[in-house]
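Each chain is listed here by its residues.
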Amino acid sequence: MGIYRRGESEPAATCFDHAYGDITWGRRYHENPAFSRDSRRLYFWEAVSEQKVKARYADLSPLLA
């Protein structure tokens, strides 16, 4: 999952990348990203295997400077 600046086609940062397609598409555990109220954190689900997802967050503060 990439974070893009407005109008850019290249990501400013990549939060994660995985190859677990079955759990994402077959079992429907999508990332479902959500920003914190101050937009400094991004919360999401990350597939860590074909059978397991974990709740994660990314600190976006460095990208806002």
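These numbers come from a predicted model, not from an experiment. All chains use their own residue numbering, which begins from 1 and follows the written sequence. With pLDDT at 70 or above as the cut-off, local features in this predicted model cover only qualifying residues; side-chain atom pairs require 80 or more to be listed or tallied, and sums for whole chains, interfaces and linings still use all residues. To obtain the side-chain values, all non-hydrogen atoms of the structure were included, while hydrogens and water were left out.

## Some points on the pattern of salt bridges
And step 1. Basic side-chain nitrogens of Lys or Arg form a salt bridge, by our definition, when they fall within 4 Å of a carboxyl oxygen of Asp or Glu. Here the structure, examined in full by the defined rule, presents one salt bridge.
And step 2. Where Arg56 meets Glu46, a salt bridge forms, and the shortest distance between an N and an O atom there is 2.9 Å. With Arg56 in strand S5 (residues 53-59) and Glu46 in strand S4 (residues 41-47), this pair connects stretches of sequence that are ten residues apart.
And step 3. Note on Glu46: relative accessible area 16%, which makes it buried. Comment: elements are numbered from the N terminus, with helices defined as DSSP H or I runs of at least four residues and strands as E runs of at least two. Under the scheme applied here, a residue whose accessible area is under 20% of the maximum for its type counts as buried, over 50% as exposed, and between as partly exposed, the area being computed with a 1.4 Å probe on protein chains only.

## Points about the pairing of S5
Regular strands show a simple pattern: their side chains alternate between the two faces of the sheet.
And step 1. Looking at chain direction, S4 and S5 are connected through seven bridges and run antiparallel. Of the residues in S5, the one forming a bridge with Glu46 is Lys54.
And step 2. Pairing between two strands requires that DSSP report at least two bridges joining them. The antiparallel pairing of S4 with S5 creates a hairpin that spans five residues between the two strands.

## Things to note about the sheet that holds strand S3 (residues 34-35)
And step 1. Taken in spatial order, the three strands of this open sheet run S3-S4-S5, and their pairing is antiparallel. The outermost strands of the open sheet, each flanked by one partner alone, are S3 and S5.
And step 2. The sheet contact formed by S3 and S4 spans two bridges and is antiparallel. Residue pairing for S4: Phe35 is matched across the bridge by Leu42.

## Remarks on the environment of Val48
And step 1. Tracing the chain through its elements places Val48 in the loop between S4 and S5.
And step 2. Val48 sits 25 residues away from Ile23 along the chain, and the two C-alpha atoms are 9.6 Å apart.
And step 3. It only takes one pair of heavy atoms within 4.5 Å for two residues to be counted as in contact. Once residues within four sequence positions are removed from consideration, Val48 is found in contact with Tyr20, Val53, Lys54 and Arg56.

## Things to note about the environment of Phe44
And step 1. Tracing the chain through its elements places Phe44 in strand S4.
And step 2. In this structure the C-alpha to C-alpha distance between Phe44 and Ala12, which are 32 residues apart in sequence, comes to 18 Å.
And step 3. With residues near it in sequence (within four places) discarded, Phe44 still touches Met1, Cys15, Phe16, Glu31, Asn32, Pro33, Lys54, Ala55, Arg56, Tyr57 and Ala58.

Scope: geometric values only; no functional claims are made or implied.
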